[in-house]
Amino acid sequence: MNRKIFNLANKYGRAFFNLYGAGFTDQSFWDIKDAAGFLNKNRMVLSYLECAKSGSEQKLITVFLQHFKLHKDFSRLLVLLRKQKRILLFPDILHCILSFYLEQGGKMYFDLQSYPKLSSVQEKPLVDFLSNATGHKILYRSVEKHRLIAGLRMQSDQLLWENSVRGRLRMIHRKLVRK
Amino acid sequence: MMSIIFGWINFAILLVLGRYAYKRFLQSPIKKIIDKEEGDVLALRADASSLEGHVVEVVMELKVQEAKAAELIEKAKLWQKSFEESQKENLDVVEKNQKTIDQSNEIRLNNLAVKITRDKLLSLALVNVKGQLEKKFSKDSSASDFLDQVCSNFKLGNKTHE
């Protein structure tokens with residue numbers, strides 16, 4: 001996302017969050033995150049919304065929101081974006097809204113990648129560690145990543161903790177080959 | 001007889017008148033011209049003698065200059081000789097430096113080739129190691145043990161993984 005697009009998306013996101021952010025829950029966070037992740041990779045979906053006839057627009061948006069489990073308040077944002085021919089900004093706006101939600105709630109999001117998958121018993125000390133280290137409440141998603149070979153990688157937008165075989169191999173490669 | 005006498009008298013009178021006219025009208029300007037010419041001749045003689053003196057001076061000066069030129073040529077020859085010697089020495093130094101640079105470049109190229117080969121081998125070794133590790137950690141419980149170990153390090157207050 002370049003600076004200009006980011007600034008524009010940030011403005012829409014800030015306005016939307018000021019209006020509707022109070023009603024957001026952690027579940028909303030996950031739903032928005034899923035939708036943003038999907039739409040970021042498949043922006044063509046938004047082109048269909050943009051090209052829809054004005055009569056079928058509202059119906060299409062409703063289906064779209066139901067599919068992504070997004071709150072009906074997002075329909076207003078989508079209508080506005082469609083009207084202003086900026087519908088492709090929607091995933092970026094969702095990312096901004098996620099940031100505002102985390103910022104407002106004093107929370108941080110982490111991807112917990114591991115191989116094998118973390119058990120709930122293993123997750124708790126990790127989350128406690130992250131919470132203690134960052135001073136924020138932690139929202140996390142645990143994913144099994146075979147490419148790590150073995151170990152753990154915890155990553156947010158700004159922070160990264162990693163102790164995996166792949167990470168160690170990467171460090172060795174960097175030390176020996178790229179020095 | 002009388003006519004002859006008068007003829008002579010006339011001739012004498014004409015002679016006196018001619019002499020008078022010559023003295024009265026011609027002698028003085030001619031003398032002036034002659035005096036002037038003589039003055040010029042004298043001046044020219046003075047100039048000539050002065051020039052002769054000057055020529056002598058010039059000749060002497062020429063001899064001095066010739067001696068200096070010969071001296072200078074001698075010095076130039078010496079300088080040229082020393083310059084050639086110094087140039088030869090410099091050329092030797094330059095050749096020596098060039099040889100050193102060539103050797104250095106050769107060593108660098110060799111080192112680079114060694115580094116490239118080493119990097120390729122290391123990359124290959126790391127790929128092999130990665131494959132072996134993937135096999136090792138996918139077969140038995142090593143991956144779980146490794147993860148347990150990693151997780152146990154992430155206890156509150158443990159900052160080894162920051």
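Residue positions are counted from 1 within each chain, in the order its sequence is given. A letter from A marks each chain and a number from 1 marks each ligand, given out in the order of writing. A pLDDT threshold of at least 70 governs which residues receive local features in this predicted model, and a stricter bar of 80 or more applies before side-chain atom pairs are shown or counted, although totals over entire chains, interfaces and linings include all residues. No hydrogens and no water enter the side-chain calculation; it runs on all heavy atoms of the structure.

**Observations regarding the confidence of the model for chain B**
Okay, so step 1: pLDDT expresses how confident the predictor is about each individual residue, on a scale running from 0 to 100. Chain-level pLDDT for chain B is 89 on average; 94% of the residues reach the 70-or-more range.
Okay, so step 2: Note on the complex model: pTM 0.61, ipTM 0.73.

**Focus on the sheet that holds strand β3 (residues 151-155) of chain A**
All names here are of chain A.
Okay, so step 1: If you trace the four strands from one edge of the open sheet to the other, you get β2-β1-β3-β4, paired in mixed fashion. The open sheet terminates on both sides in strands that have one partner only, identified here as β2 (137-144) and β4 (160-164). The sheet shows a mean angle of 20° between the axes of neighbouring strands, taken without regard to direction.
Okay, so step 2: Strands pair, by our definition, only if DSSP identifies at least two bridges between them. Labels follow the DSSP assignment, with helices taken as runs of H or I lasting at least four residues and strands as runs of E lasting at least two, numbered in each case from the N terminus. The sheet contact formed by strand β1 (residues 107-115) and β3 spans five bridges and is antiparallel. Residue pairing across strands places Leu112 opposite Met154, the latter belonging to β3.
Okay, so step 3: Of the strands in this sheet, β1 and β2 touch helix α6 (residues 90-105), which is tilted by about 110° from β1.
Okay, so step 4: In this description, contact between two residues means that some pair of their heavy atoms is separated by no more than 4.5 Å. In this description, a line fitted to the C-alpha atoms serves as the axis of each element, helices being fitted only across the stretch in contact, and the angle between N-to-C directions of two axes falls anywhere from 0 to 180 degrees. Its contacts with the sheet place helix α8 (residues 165-176) against β3 and β4, and it is angled at close to 95° to β4.

**Here's the deal with the packing of helix α3 (residues 44-51) of chain A against helix α4 (residues 57-67) of chain A**
Residue and element names in this part refer to chain A.
Okay, so step 1: The geometry of α3 relative to α4 is characterised by a closest axis approach of 9 Å and an angle of 155° between their N-to-C directions. As far as their axial angle goes, α4 and α3 are roughly antiparallel. Of the two elements, α3 crosses α4, and the hand of that crossing is left-handed. Contact residues: α3 offers Val45, Leu46, Tyr48 and Leu49, while α4 offers Leu60, Ile61 and Phe64. For classification purposes, an angle smaller than 35 degrees is called roughly parallel, one larger than 145 roughly antiparallel, one from 65 to 115 roughly perpendicular, and anything else oblique. Handedness of each helix crossing follows the sense of rotation of the near helix against the far helix: counterclockwise by less than a right angle gives left-handed, clockwise gives right-handed.

**With respect to the layout of surface pockets**
Okay, so step 1: Of the volumes computed, that of the largest pocket is approximately 560 Å³.
Okay, so step 2: Lining the largest pocket are 17 residues, and of these A:Ser99, A:Leu102, A:Tyr109, A:Asp157 and A:Gln158 sit closest to its centre.
Okay, so step 3: Elements supplying a minimum of two residues to the lining of the largest pocket: α2 (26-41), α6 and β1 of chain A.
Okay, so step 4: For the lining of the largest pocket, a count of residues per class yields six nonpolar, six polar and five charged.
Okay, so step 5: Space inside and on the surface of the protein is sampled on a 1 Å grid over the protein atoms alone, with a cavity defined as a set of points where a 1.4 Å probe fits but cannot get out and a pocket as an open set with protein on both sides within 12 Å along at least 5 of 7 lines; lining residues have an atom within 4 Å of a point. Around the second largest pocket sit A:Arg166, A:Leu169, A:Arg170, A:His173, B:Ser123, B:Leu126, B:Val127 and B:Lys130, which together line it.
Okay, so step 6: Elements that contribute at least two residues to the lining of the second largest pocket include exactly α8 of chain A together with α1 (2-139) of chain B.
Okay, so step 7: Throughout, the ten residues Ala, Val, Leu, Ile, Met, Phe, Trp, Tyr, Cys and Pro are labelled nonpolar, Asp, Glu, Lys and Arg are labelled charged, and all others, Gly among them, are labelled polar. Looking at the lining of the second largest pocket, its residues break down into three nonpolar, two polar and three charged. Grid points are joined across faces, edges and corners, and a volume is the space filled by probe spheres set on the points.

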